Amino acid sequence: MADIAENIQRSEAKPLFDLGVDETEYRLLTREGIRIEEIGGRRFLIVEPETISKLTDAAFSDVSHLFRTSHLKQLASILDDKEASENDLFVARELLKNAVISAEGQFPSCQDTGTAIVVGKKGQNVLVDGNLEAIISDGVERTWATKNLRFSQLAPLTMFEERNTGTNLPAQIDIEAVEGDAFKFLFVAKGGGSANKTFLFQQTPRIMDPVRLLEFLDEKIKTLGTTACPPYHLSIVIGGLTVEQTMKTVKMASCRAYDNLPSTGSPEGRAFRDHELEEKIHALTVSNGIGAQFGGKYFCHDVRVIRLPRHGASVPIGMGVSCSADRQIKAKITSEGAFLEQLETDVAQFLPSIDFEDREAVRIDLNRSVADICKDLSKLEIKTPVLLSGTVIVARDMVHAEMSKLLAQGKPLPDYIKDHPIYYAGPAKTPEGFASGSFGPTTAARMDPYVPELQTHGASLITIAKGNRSKTVVKSCEKHGGFFLGSIGGAAAVFGRDVIKSVEPIAFPEFGMEAVWKIEVEDFPAFVVIDDKGNDFFS
Ligand code: SF4
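Residues numbered from 1 in each chain as written. Predicted model: local features only at pLDDT ≥ 70, side-chain atom pairs only at ≥ 80, totals over all residues.

**Some words on the overall build of the protein**
And step 1. A tally of helices and strands in the protein yields 15 helices and 23 strands.
And step 2. For the protein, the C-alpha radius of gyration of 25 Å lies close to 24 Å, the compact-globule estimate for 539 residues.
And step 3. If you line up the protein on its principal axes, its C-alpha atoms span 80 × 55 × 55 Å.
And step 4. The buried share of the protein, reckoned over its 539 residues, is 46%.
And step 5. Considering only intrachain contacts with a sequence separation of at least 6, the fraction spanning at least 24 residues in the protein is 77%. (Helix = DSSP H or I, 4+ residues; strand = E, 2+ residues; numbered from the N terminus. Rg over C-alpha atoms; globule rule 2.2 N^0.38 Å. Buried ≥ 20, exposed ≤ 12 C-beta atoms within 10 Å, placed from the backbone. Contact = placed C-beta atoms within 7 Å.)

**Observations regarding the nonpolar core**
And step 1. If you look at the biggest cluster of nonpolar residues, it comprises 141 residues, and the most contacted ones within it are Ala 59, Phe 187, Ile 236, Val 394, Phe 483 and Leu 485.
And step 2. Tallying contributions element by element places strand β23 (residues 516-530) first for this core, with ten residues.
And step 3. Setting aside residues up to four positions removed in sequence, Phe 483 forms contacts with Cys 374, Leu 377, Ile 462, Cys 477, Val 528, Ile 530, Asp 531 and Asp 532. (Core = buried A, V, L, I, M, F, W, Y, C linked by C-beta atoms within 7 Å.)

**Points about the domain arrangement of the protein**
And step 1. Partitioning the protein into domains gives domain 1 (22-67 + 109-190 + 325-341), domain 2 (192-324) and domain 3 (362-530).
And step 2. Centre-to-centre, using C-alpha coordinates, domain 1 lies 27 Å away from domain 2.
And step 3. Every contact between the two is made by nine residues of domain 1 and, on the other side, ten residues of domain 2.
And step 4. Looking at the side of domain 1 that touches domain 2, the element that brings in the most residues is strand β9 (residues 183-190), giving three residues.
And step 5. Considered class by class, the residues forming the side of domain 1 that touches domain 2 number three nonpolar, three polar and three charged. (Domains from an automatic or database assignment. Nonpolar A, V, L, I, M, F, W, Y, C, P; charged D, E, K, R; others polar.)

**Some words on the packing of helix α2 (residues 49-65) against helix α5 (residues 132-146)**
And step 1. For the pair α2 and α5, interaxial distance at closest approach is 7 Å and the crossing angle is 40 degrees. For the element pair α2 / α5, the angle class is oblique. Regarding α2 and α5, the two cross each other, and that crossing is right-handed. From α2, Pro 49, Ile 52, Ser 53, Lys 54, Leu 55, Thr 56, Asp 57, Phe 60 and Ser 61 reach across to α5, where they touch Ile 135, Ile 136, Asp 138, Gly 139, Val 140, Arg 142 and Thr 143.
And step 2. Class assignment for the residues of the contact of α2 with α5 results in seven nonpolar, five polar and four charged. (Axes fitted to C-alpha atoms, helices over the stretch in contact; angles between N-to-C directions. Parallel < 35°, antiparallel > 145°, perpendicular 65-115°, else oblique. Left-handed = near helix turned anticlockwise from the far one by under 90°.)

**Observations regarding unusual backbone geometry**
And step 1. The residue after Leu 169, namely Pro 170, is reached through a cis peptide bond having omega 0 degrees.
And step 2. The backbone of Phe 508 sits at a positive phi, close to 50 degrees, despite the residue not being glycine.
And step 3. Relative to the elements of secondary structure, Phe 508 occurs in the loop between β22 (500-507) and β23.
And step 4. For Phe 508, a count of 15 C-beta atoms within 10 Å gives the class partly exposed.

**Focus: the site of the ligand**
And step 1. With respect to spatial proximity, 13 residues lie near the ligand, and among them Cys 110, Gly 191, Gly 193, Cys 229 and Cys 323 are the closest.
And step 2. For the shell around the ligand, the residue count by class is five nonpolar, seven polar and one charged. (Near = placed C-beta within 6 Å.)

**Examining helix α8 (residues 243-254)**
And step 1. With twelve residues, α8 extends 17 Å from end C-alpha to end C-alpha; this agrees with the ideal 16 Å at 1.5 Å per step.
And step 2. Those residues of α8 not exposed but buried are Gln 245, Thr 246, Thr 249, Val 250, Lys 251, Met 252, Ala 253 and Ser 254.
And step 3. With its phi angle positive at about 60 degrees, Arg 256 sits one or two positions after the end of α8. (Expected span 1.5 Å × (residues − 1).)

**As for the sheet that holds strand β12 (residues 272-273)**
And step 1. Strands sit in the order β10-β14-β11-β13-β12 across an open sheet of five strands; the sheet is mixed. Of all strands in the sheet, those bounded by a partner on one side alone are β10 (199-203) and β12.
And step 2. As judged from the eight bridges shared by strand β11 (residues 232-240) and strand β13 (residues 300-310), these two strands associate in the parallel manner. Counterpart to Val 237 in the pairing with β13 is Ile 306. (Pairing = 2+ DSSP bridges.)

**Here's the deal with the sheet that holds strand β3 (residues 42-47)**
And step 1. Taken together, three strands build an open sheet; the order of strands is β2-β3-β5 and the sheet is mixed. Lying at the two open borders of the sheet, with one neighbouring strand each, are β2 (34-39) and β5 (126-128). The average angle at which neighbouring strand axes cross in this sheet is 35 degrees, direction not considered.
And step 2. As paired strands, β3 and β5 are joined by three bridges and run parallel to one another.

**Notes on the confidence of the model for the protein**
And step 1. Summary statistics for the protein give a mean pLDDT of 94 and a share of 96% for residues scoring 70 or more.
And step 2. Overall, residues 1-11 carries pLDDT values under 50, and its contacts beyond four positions in sequence, including any with other chains, amount to two contacts. (pLDDT = per-residue confidence, 0-100.)

**Observations regarding the environment of Lys 379**
And step 1. Relative to the assigned elements, Lys 379 resides in the loop between α10 (370-377) and β18 (385-394).
And step 2. For the pair Lys 379 and Asp 532, spaced 153 residues apart in sequence, the C-alpha to C-alpha distance is 10.0 Å.

**Points about the environment of Glu 215**
And step 1. Examined against the element boundaries, Glu 215 turns out to sit in helix α7 (residues 210-222).
And step 2. Sequence-wise, Glu 215 and Leu 284 are 69 residues apart; in three dimensions their C-alpha atoms are separated by 9.8 Å.

**Side note on α5**
And step 1. Between its terminal C-alpha atoms α5 stretches 22 Å, which fits the 21 Å expected from 15 residues at 1.5 Å a residue.
And step 2. Taken residue by residue, α5 has Ile 135, Ile 136, Ser 137, Gly 139, Val 140, Glu 141, Thr 143 and Trp 144 as its buried positions.
And step 3. Elements in contact with the buried residues of α5: α2, β4 (115-123) and β8 (172-178).

**Digging into the packing of helix α4 (residues 86-103) against helix α15 (residues 492-499)**
Packed helices, taken two at a time, are described by the angle their axes make and the gap between the axes.
And step 1. Here α4 crosses α15 at 70 degrees, and the two axes come no closer than 7 Å. With respect to each other, α4 and α15 are oriented roughly perpendicular. Here Glu 94, Lys 97, Asn 98, Ile 101 and Ser 102 of α4 come into contact with α15, specifically with Ala 493, Val 494 and Arg 497.
And step 2. Its residues assigned to classes, the contact of α4 with α15 comprises three nonpolar, two polar and three charged.

**Re the pairing of β23**
Consecutive side chains of a regular strand alternate in pointing toward one face of the sheet and then the other.
And step 1. Across the 15 residues that make up β23, a large majority, eleven, are buried.
And step 2. Of the strand pairs in this sheet, β18 and β23 are connected by nine bridges, and their pairing is antiparallel. Note on β23: the bridge partner recorded for Pro 385 is Phe 527.
And step 3. Where strand β21 (residues 483-487) meets β23, four bridges bridge the pair, whose relative direction is antiparallel. Opposite Gly 486, over in β23, you have Phe 527 as the bridge partner.

Pasting the structure below:
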């Protein structure tokens, strides 16, 4: 018994996640709705529900428009790196321009404004009257209703019938009971493309070898591709008592919430950061050549590797990223007030004084036949930057499914899908006085299965989106003389404010943001990724 008691005391004294001191800079949001009351001889922090809703609303508003200073510094440092590729520099500069625009508070930094995730730690001396999930959800709903964000959540009505909830709810809300008299939060807005690049690999203990582990990780990291809009904050977790713990740690580490973990393990099994392995993996990401979307060394800003205890028979390995919409913000409620992490509002300081807009981009006039545009594109090398001006048709998942149905029924395709380049995208809400909301590309690969049949019918010969595509698309472009142009993921505010000059819904308005839109663009930046000769930048 004495041994058990001693062990319990030991584990209480040494938590699994020893997070050290929180050095975050916070700003006071409000002191309203917070008071101390003594009940039964104990002091409690009483928090009004409205204060938590307000904090949630303010957190998601901030994080939709602002970034951490450290993230912006990393982007700016790319511009100072003599070894960065031209395309790395171009992407970094566009992402910084994007951050400047979104910081003005009208255009969210990305058109995919994400799933709302709230991780809370509620001290045992904090009392809130009401249903916490409803209180936090109310704050989420307010942000998405009042800001120019996009509703992303689909409710399943039956197994195959779905409907947008129109509120961006439900949110994922996980509240843990802890010691103390503070309520701490991490608010995360996670985009679909970014969430899709989260992986669990159930390995055996054989993987626990320095060479084998590194080879394994190298192979898996390459498969991340660029659909989650690099440069990434890459997070890898080795071990975990359960896969749920492994994957939650991946998420928290990608938000840099576990940066202050110790750098060594302990006999009790504490979590630790392996800085040496982080450096080795970062070197792999530099040398793989993928770069910040179109070739170079900036596939990742940084790497976190967390080692967790594990069952002797299991080696879960988790991997995930925080994308270019690096959206997380801490908050806390104490007896002093409700506080939010201070995100950077002076983004312009990170833009370089010397503009290097003069790089060699080829201007392409889209107001011609698709055949003529293809003739021009055919003269360009893979990776060539282009600036597109003219008419583009926007169509994504639901419209492609409809086109496929038409073909299956032996019906003709509409002219719009044949007469113009197709941009896979879906806008966020349009700010008042502007032509478009944030309107960046979505992941091209989801449309891959439709490309051969559409191109066979003379449609979708030029497509524009983000990320890599399958061999099927490469072969189809070679056979039908088609092209895939990669556009910069994560720069949606730039597209919405500066590049897209008009937006007009022309078909399927009932699909909401997935309708067919006819847009006019001016100097829309993209890169030749797949050409008509069987070349593919990502191969
Ligand atoms: S930056 Fe890219 S991956 Fe991230 S939310 Fe936006 S579109 Fe999705």
